[in-house]
There are 2 protein chains.
Amino acid sequence: MPKEIPADSVGIVAPQVAQFDEPLTLRSGRVIESYQLCYETYGTLNEDRSNAILVCHALSGHHHAAGYHSMDDKKPGWFDSAIGPGKPMDTNKYFVVALNNLGGCHGSTGPTSIDPATGEPYGPNFPIMAVRDWVTSQARLADRLGIDCWYAVVGGSLGGMQALRWSIDYPERLKKCAVIAAAPKLTAQNIAFNEVARQSITSDTEFHEGYYYKHDTIPRRGLALARMLGHITYLSEDSMRDKFGRDLKTGKLSFNYDIDFEVESYLRYQGERFSDAFDANTYLLMTKSLDYFDPAADFDHDLAKCLSKSQCKFLVVSFSTDWRFAPERSKEIVDALVRAQKPVSYLEVDAPQGHDAFLFPIPEYFNFLSNFLTPAGVANA
Amino acid sequence: MPKEIPADSVGIVAPQVAQFDEPLTLRSGRVIESYQLCYETYGTLNEDRSNAILVCHALSGHHHAAGYHSMDDKKPGWFDSAIGPGKPMDTNKYFVVALNNLGGCHGSTGPTSIDPATGEPYGPNFPIMAVRDWVTSQARLADRLGIDCWYAVVGGSLGGMQALRWSIDYPERLKKCAVIAAAPKLTAQNIAFNEVARQSITSDTEFHEGYYYKHDTIPRRGLALARMLGHITYLSEDSMRDKFGRDLKTGKLSFNYDIDFEVESYLRYQGERFSDAFDANTYLLMTKSLDYFDPAADFDHDLAKCLSKSQCKFLVVSFSTDWRFAPERSKEIVDALVRAQKPVSYLEVDAPQGHDAFLFPIPEYFNFLSNFLTPAGVANA
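Here is what the cut-offs are and how they apply
Residues numbered from 1 in each chain as written. Chains lettered and ligands numbered in written order. Predicted model: local features only at pLDDT ≥ 70, side-chain atom pairs only at ≥ 80, totals over all residues. Heavy atoms only, no water. UniProt positions renumbered as here; feature names shortened; annotations may be inferred. Helix = DSSP H or I, 4+ residues; strand = E, 2+ residues; numbered from the N terminus. Rg over C-alpha atoms; globule rule 2.2 N^0.38 Å. Buried < 20%, exposed > 50% of the residue type's maximum accessible area, 1.4 Å probe, protein only. Expected span 1.5 Å × (residues − 1). Polar contact = N/O pair within 3.5 Å; in protein donor to acceptor, adjacent residues only side chain to side chain. Pairing = 2+ DSSP bridges. Axes fitted to C-alpha atoms, helices over the stretch in contact; angles between N-to-C directions. Parallel < 35°, antiparallel > 145°, perpendicular 65-115°, else oblique. Left-handed = near helix turned anticlockwise from the far one by under 90°. Contact = heavy atoms within 4.5 Å. Nonpolar A, V, L, I, M, F, W, Y, C, P; charged D, E, K, R; others polar. Core = buried A, V, L, I, M, F, W, Y, C linked by side-chain atoms within 4.5 Å. Least-squares fit on C-alpha atoms with pLDDT ≥ 70 in both. 1 Å grid on protein atoms, 1.4 Å probe; cavity = no way out; pocket = protein on both sides within 12 Å on 5 of 7 lines; lining within 4 Å. Points joined across faces, edges and corners; volume = space filled by probe spheres on them. pLDDT = per-residue confidence, 0-100. Salt bridge = Lys/Arg side-chain N within 4 Å of Asp/Glu carboxyl O.

As recorded in an unreviewed UniProt entry, chain A goes by Homoserine O-succinyltransferase and comes from Reinekea marinisedimentorum. As its UniProt record puts it under Pathway (unreviewed entry), chain A is described as follows: "Amino-acid biosynthesis; L-methionine biosynthesis via de novo pathway; O-succinyl-L-homoserine from L-homoserine: step 1/1." What UniProt states about chain A under its Subunit (unreviewed entry) heading is, verbatim, "Homodimer."

1. Some words on the overall build of chain A
Summing up its helical and strand segments, chain A has 10 helices and 12 strands in all. In terms of overall dimensions, chain A is globule-like: its C-alpha atoms have a radius of gyration of 21 Å, near the 21 Å expected for 381 residues. Projected onto its principal axes, the C-alpha coordinates of chain A cover approximately 65 × 50 × 50 Å. Across the 381 residues in chain A, those meeting the buried criterion constitute 61%.

2. Here's the deal with helix α7 (residues 280-292) of chain B
Residue and element names in this part refer to chain B. A rise of 1.5 Å per residue sets the reference length of α7, with its 13 residues, at 18 Å; its end C-alpha atoms lie 19 Å apart and thus fit the reference within 8%. Among the 13 residues in α7, 13 count as buried, and that is most of the element. Residue Asp 279 occupies the N-cap position of α7, its side-chain oxygen lying 3.2 Å from the main-chain nitrogen of Asn 281.

3. Describing the sheet that holds strand β9 (residues 150-156) of chain A
All names here are of chain A. An order of β1-β4-β6-β5-β9-β10-β11-β12 is seen for the 8 strands of this open sheet, with the pairing classed as mixed. A single partner strand is all that each edge strand has here, and the edge strands are β1 (16-20) and β12 (344-349). The average undirected angle you get between the axes of adjacent strands in this sheet is 20°. Where strand β4 (residues 35-42) meets strand β6 (residues 95-99), 4 bridges bridge the pair, whose relative direction is antiparallel.

4. A few points about the packing of helix α1 (residues 131-145) of chain B against helix α2 (residues 158-169) of chain B
All names here are of chain B. At a minimum axis distance of 9 Å, the contact between α1 and α2 shows a crossing angle of 70°. It follows from the interaxial angle that α1 and α2 lie roughly perpendicular. The hand of the α1/α2 crossing is right-handed. Side by side, α1 and α2 meet where Val 131, Arg 132, Trp 134, Val 135, Gln 138 and Ala 139 of the first sit next to Leu 158, Met 161, Gln 162, Arg 165, Trp 166 and Asp 169 of the second. Within the contact of α1 with α2, the residues separate by chemical class into 7 nonpolar, 2 polar and 3 charged.

5. Concerning the UniProt feature "domain: AB hydrolase-1" (unreviewed entry) in chain A
Under the feature "domain: AB hydrolase-1" (unreviewed entry), the UniProt entry names residues 52-360 of chain A. Helix makes up 36% of residues 52-360 of chain A and strand 13%, and the two end C-alpha atoms of the span are 23 Å apart.

6. Here's the deal with the side chain of Asp291(A)
For Asp291(A), the location among the structural elements is in helix α7 (residues 280-292). A polar side-chain atom of Asp291(A) sits 2.7 Å from a polar atom in the side chain of Arg198(A).

7. Considering the nonpolar core
General note: in soluble globular proteins, nonpolar side chains tend to be found buried as a group. Formed by 258 residues in total, the largest nonpolar core has its most connected members in Phe319(A) and Phe319(B). If we skip the residues at most four places from it in the chain, Phe319(B) touches Ile180(B), Ala181(B), Pro327(B), Val349(B), Ala351(B), Gly354(B), Ala357(B), Phe358(B), Ile362(B) and Tyr365(B).

8. What to know about the relation of the copies chain B and chain A
Taken as rigid bodies, chain B and chain A are interconverted by a rotation of 180° and an axial shift of 0.0 Å, the fit giving an RMSD of 0.0 Å. A rotation of that kind, with that shift, is consistent with a two-fold axis. Interface overlap between copies is the fraction of interface residues in one copy that are interface residues in the other; for chain B against chain A it reaches 100%, indicating a shared surface.

9. Focus: unusual backbone geometry
For Asp216(A), which is not glycine, the phi dihedral falls at a positive 55°. By the element assignment, Asp216(A) lies in the loop between α3 (188-202) and α4 (220-234). A relative accessible area of 73% means that Asp216(A) is categorised as exposed. The residue His301(B) is not glycine, and still its phi comes out positive at about 60°. Tracing the backbone shows His301(B) in the loop between α7 and α8 (303-306).

10. Overview of empty space enclosed by the protein
This structure, assessed with the given rule, holds 6 cavities of 30 Å³ or more. If you add up the space inside the largest cavity, you get close to 110 Å³. Considering the residues around the largest cavity, the lining is formed by 14 residues, among which Ser200(A), Ser203(A), Asp204(A), Ser203(B) and Asp204(B) are closest to the centre. Secondary structure elements with two or more residues in the lining of the largest cavity: α4 of chain A together with α4 (220-234) of chain B.

11. Brief notes about the confidence of the model for chain A
Note: predicted coordinates in regions of low pLDDT should not be interpreted at a detailed level. Per-residue pLDDT for chain A has a mean of 96; in total, 98% of the residues score no lower than 70. Scoring of the predicted complex yields 0.96 for pTM and 0.95 for ipTM.

12. Notes on the packing of α3(A) against helix α6 (residues 262-277) of chain B
Contact geometry of α3(A) with α6(B) gives a least axis separation of 9 Å together with a crossing angle of 55°. Put simply, α3(A) runs oblique to α6(B). As α3(A) packs across α6(B), the resulting crossing turns out to be right-handed. Residue-level inspection shows Ala188(A), Ile191(A), Ala192(A), Glu195(A), Val196(A), Arg198(A) and Gln199(A) of α3(A) in contact with α6(B), the latter providing Val263(B), Glu264(B), Leu267(B) and Arg268(B). Looking at the contact of α3(A) with α6(B), its residues break down into 6 nonpolar, 1 polar and 4 charged.

13. Some thoughts on the pattern of salt bridges
All names here are of chain A. Following the criterion strictly, the structure yields 38 salt bridges over all chains and no others. Between Glu 22 and Arg 140 there is a salt bridge, with the nearest N and O atoms lying 3.6 Å from each other. Here the residue Glu 22 occupies a position in the loop between β1 and β2 (24-25), and Arg 140 occupies one in helix α1 (residues 131-145), the gap between them amounting to 118 residues. Of the charged contacts in the structure, one is a salt bridge between Asp 238 and Arg 241, with a shortest N-O distance of 3.1 Å. Separated by 3 residues within a single helix, Asp 238 and Arg 241 lie in helix α5 (residues 237-243), roughly one turn from each other. Given a relative accessible area of 35%, Arg 241 falls into the partly exposed group.

Right, dumping it as structure tokens:
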């Protein structure tokens, strides 16, 4: 909990809920008749509604991107490093919107919500969301907030994929697009890791084919395993070495199957904490959304063609030690934008944190993002 | 099954069992009163017993390294590519010995064996084996076979660690040491992957604290998960891309939680096949042996000092796309050997297969290994 709110924080914030009763037809062909989106806003929308930034979240993220819900909060929102007075998404200048995506488990309609057709939680019957479905639902939220055109859409990892999708599906509705630590599609290895995570969850005997709510249980062990595995891919090998090395938990080897190394203890803690706070069906859904993302597939697998109608300026950022979505993957996006003759700035940040680096206030990265978000921007400079 | 035995095969082979009744004191302080080792031999031991090569196996390996057990076998032994007439371990010249390590599940004493003290399978009470314990037991097998000094000890991955340990613990008992696709110790990331694999097994409700034999069951799902995860780390990202890419199993996305991509199908198959054939307690044991391996730890963490008494010639081989034990890790061994002024040849093979490359008959690699094994050798050339 913060003893006092830092001066560069957006302070105490409260989530809001928007209800949508217009049916949403999804890429899968399925329809959600009505739904709600949970969101937060930081800063003030200016008179001509031209200073709004949408922040899209990654696999385990949500609407609480900045500030605190109460003085009892141990930590601020997940992207607090970048949102607030004087920060890259400067709330003295911009009106920042963050939402929990459809299918999430933090207040927006998702697997834990009651399906009006059955009176029971959707569970595994909640439709798999494509990234484009999220973008459509985000566009409706923009309508609701009276925002015709985002000043910028910003996202890291799966959030970056949403930002990219915005530029394809609603080219006239954003001026700037920041695609951070992302990729234009997952590789076989990326999918393979997701598949092991899914199998961890679905093979947990408490999963009950996804209807664990009915059994008053959760697939805690499976979800913990999925998170442990995910966590390894978020960190660089170097950062794990620096953080843990081969340090022993008790100073000596156990010669039994207890925890020997600090890194084991850390991973178990991360897994257990996550499994108390996240819904397993949402985790499955988010990994499928990641696997399915491949916008170029509809354009003869030509990403430049796919991006040809975009009208915004782009910023693409990668991190040197990110092996989940390595710099090469970001460069695929940059190359396509260059081929499509779109304005793009690219920065590969030399950072030790791996994929997680996108959440850290690394000066070079944040300066670049700040500059990109100024009216002049740096793209095409 | 082979229609006919290939000309460069060792042909039909049969395992043998050696019984040892002299107690073996382990690094953990525990003692195994008696045990058996299952092994195979290929080629003929020469009169002065100077042409014997020991092949050490990796995590999931065993004594059946070459040839066929019967004409019904679908596949030959796991290192058949390298053992046979005219192959690098040329059975026209050398007498090759391969064994199942203690703690294994293929005929040597291990968790599935009956503990004479209880009349029940050892299960999780089987002692965790250190790499040095395996080497000690292998030295006893050498005594039994009348081999005072190995012409060479050869191993890949965890097998390479055993080869390295031989040069430290029995410097006068080997002339050549081939350390392939190995590392002088595991990193935090390596340990982290092993920990997720272990947690997959131990959190399976069929694990029963390791006493699953009593319950007439096996932790099949946990073992399959562990193998799926391991398998990802054995392949390079490029080889997965080339093999599977984003190919779809049925030609279209399912939009449910069925298998979508070929890579998912492949991994599930690998996991299921493995869980039918391998013992979960052995898997746990082998991963702990890997985690614990750190021979330099007893020498002020100075690997050169640790290797200072070795008397053999060394060959160290790494593979360009191996990210489990990357070339940098092999170079740590080479650097230490150079500092210790030991004869060493090093080869980094440009190979797409990742860690698994050490099993493939890559001409550059096999030529190098063949040359190293000739009496003149290439080390110190």
